[in-house]
Amino acid sequence: MAAAKAAGRHLGRPPKMSGQQIAEARARLAADEPAAVVARAYKVSPKTLRATLAR
C-alpha cells in the first residue's frame, strides 16, 4: 500500500461520480433543484451526493 501511495495510485473504491457530473450537480443544486432529484439523476443516494460535494 505504501508503494502504491508513493506512486500516486488511488486506493479504495472508485468514485461514483466523475468530475463533470460533480460540477453539473453543483450547478443544479445552486439553481434550487432538490438534492433528492439531483441524486436520483446521477443514480446515487442523497447521502453519497452530499459526501461527494463535501470533498
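Look up: the structure comes first, before these words.
Treat the numbers as computed from the prediction; the structure is a model and nothing was measured.

Cut-offs used in this document
- Residues numbered from 1 in each chain as written.
- Predicted model: local features only at pLDDT ≥ 70, side-chain atom pairs only at ≥ 80, totals over all residues.
- Heavy atoms only, no water.
- Helix = DSSP H or I, 4+ residues; strand = E, 2+ residues; numbered from the N terminus.
- Rg over C-alpha atoms; globule rule 2.2 N^0.38 Å.
- Buried < 20%, exposed > 50% of the residue type's maximum accessible area, 1.4 Å probe, protein only.
- Contact = heavy atoms within 4.5 Å.
- Expected span 1.5 Å × (residues − 1).
- Core = buried A, V, L, I, M, F, W, Y, C linked by side-chain atoms within 4.5 Å.

Undergrad: For this particular structure, what's the right way to read the overall build of the protein chain?
TA: Broken down by element type, the protein chain carries four helices and zero strands. Reading the secondary structure of the protein chain in the N-to-C direction produces α-α-α-α. Computed over C-alpha atoms, the radius of gyration of the protein chain comes to 14 Å, more than 25% over the 10 Å expected from 2.2 N^0.38 for 55 residues, which places it beyond the range of a compact globule. With respect to the principal axes defined by its C-alpha atoms, the protein chain has extents near 45 × 15 × 15 Å. Relative to its 55 residues, the protein chain shows a buried fraction of 20%. A fraction of 38% describes how many contacts in the protein chain between residues 6 or more apart in sequence connect residues 24 or more apart.

Undergrad: Would you explain helix α2 (residues 19–30) in this entry?
TA: For an α-helix, 3.6 residues make a turn, and residues three or four places apart therefore share a direction. With twelve residues, α2 extends 17 Å from end C-alpha to end C-alpha; this agrees with the ideal 16 Å at 1.5 Å per step. Count one or two residues on from α2 and you reach D32, which has phi positive near 65 degrees.

Undergrad: Can you help me understand unusual backbone geometry in this one?
TA: Trans peptide bonds make up most of the peptide bonds, and negative phi angles are found at most residues other than glycine. Notably, D32 is not glycine yet its phi reads approximately 65 degrees, a positive angle. Mapped onto the elements, D32 comes out in the loop between α2 and α3 (35–41). When its relative accessible area of 70% is taken as the criterion, D32 is described as exposed. Located in the positive-phi region is K43, a residue other than glycine, with phi close to 60 degrees. Of note, K43 is situated in the loop between α3 and α4 (46–54). By relative accessible area, which is 75% here, K43 ends up exposed.

Undergrad: Just to check I follow, could you spell out the nonpolar core for this structure?
TA: Soluble globular proteins tend to pack their nonpolar side chains together in the buried interior. Residues M17, I22, A25, V38, A39, Y42, V44, L49 and L53 constitute the largest nonpolar core, which totals nine residues. At the level of elements, α2, α3 and α4 are the ones that each hand at least two residues to this core. Other than its neighbours up to four places away in sequence, A25 contacts M17, V38, Y42 and L49.

What is shown is where atoms sit, not what they do.
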